[in-house]
Amino acid sequence: MRTSVRLGGIALTVLIAVILNLFTLLLLPFRVGGHLVPLSAVLAFVVNAALGSTAIRLLRSRLPGQLVLATAIGVSVVVLGRGPGGDLLVTQDLQTMYLLFVLGAALGASVPLFVRAWQPPG
């Protein structure tokens, strides 16, 4: 595979990872009947696992999977910070959901790095 195609694919993978992780973070306060539901953690797990697996398979390199993991953790750290108007996304009452999100995103992004490609027997 040509280097320019691989670099473009890696850049596109990181961009998609940033967008999808920010989208799932916006689902932190999802409530059903007044109770918080960890939809963002489940969705982050599935999205990061699917994106990492697809990128590794298409680009034939483990680097995109590693960058998806780094992006998931990086986005998680950035949104925890405080801006001039207060918390960026994570407020006091969402800290448990945020921790579940970080676990889901990191574990989901790690799955493609530990699972070997399936090959038919024989």
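As the structure is a computational prediction, the values presented were derived from the model and not from experiment. (Residues numbered from 1 in each chain as written. Predicted model: local features only at pLDDT ≥ 70, side-chain atom pairs only at ≥ 80, totals over all residues. Heavy atoms only, no water.)

A. Here's a closer look at the side chain of T24. Note on placement: T24 falls in helix α1 (residues 3-25). Classification of T24 as buried rests on a relative accessible area of 1%. (Helix = DSSP H or I, 4+ residues; strand = E, 2+ residues; numbered from the N terminus. Buried < 20%, exposed > 50% of the residue type's maximum accessible area, 1.4 Å probe, protein only.)

B. How the structure looks around the nonpolar core. One finds L25, L28, A44, A72, V75, V79, V90, L94, M97, Y98, F101 and A105 forming the largest nonpolar core, which totals twelve residues. When residues of this core are traced back to their parent elements, those giving at least two are α3 (63-80) and α4 (95-114). Top element by residues in this core is α4. It accounts for four residues. Dropping the residues within four chain positions of it, Y98 is found in contact with L25, L28, S76, V77, V79, L80 and V90. (Core = buried A, V, L, I, M, F, W, Y, C linked by side-chain atoms within 4.5 Å. Contact = heavy atoms within 4.5 Å.)

Honestly, it's all geometry; don't read function into it.
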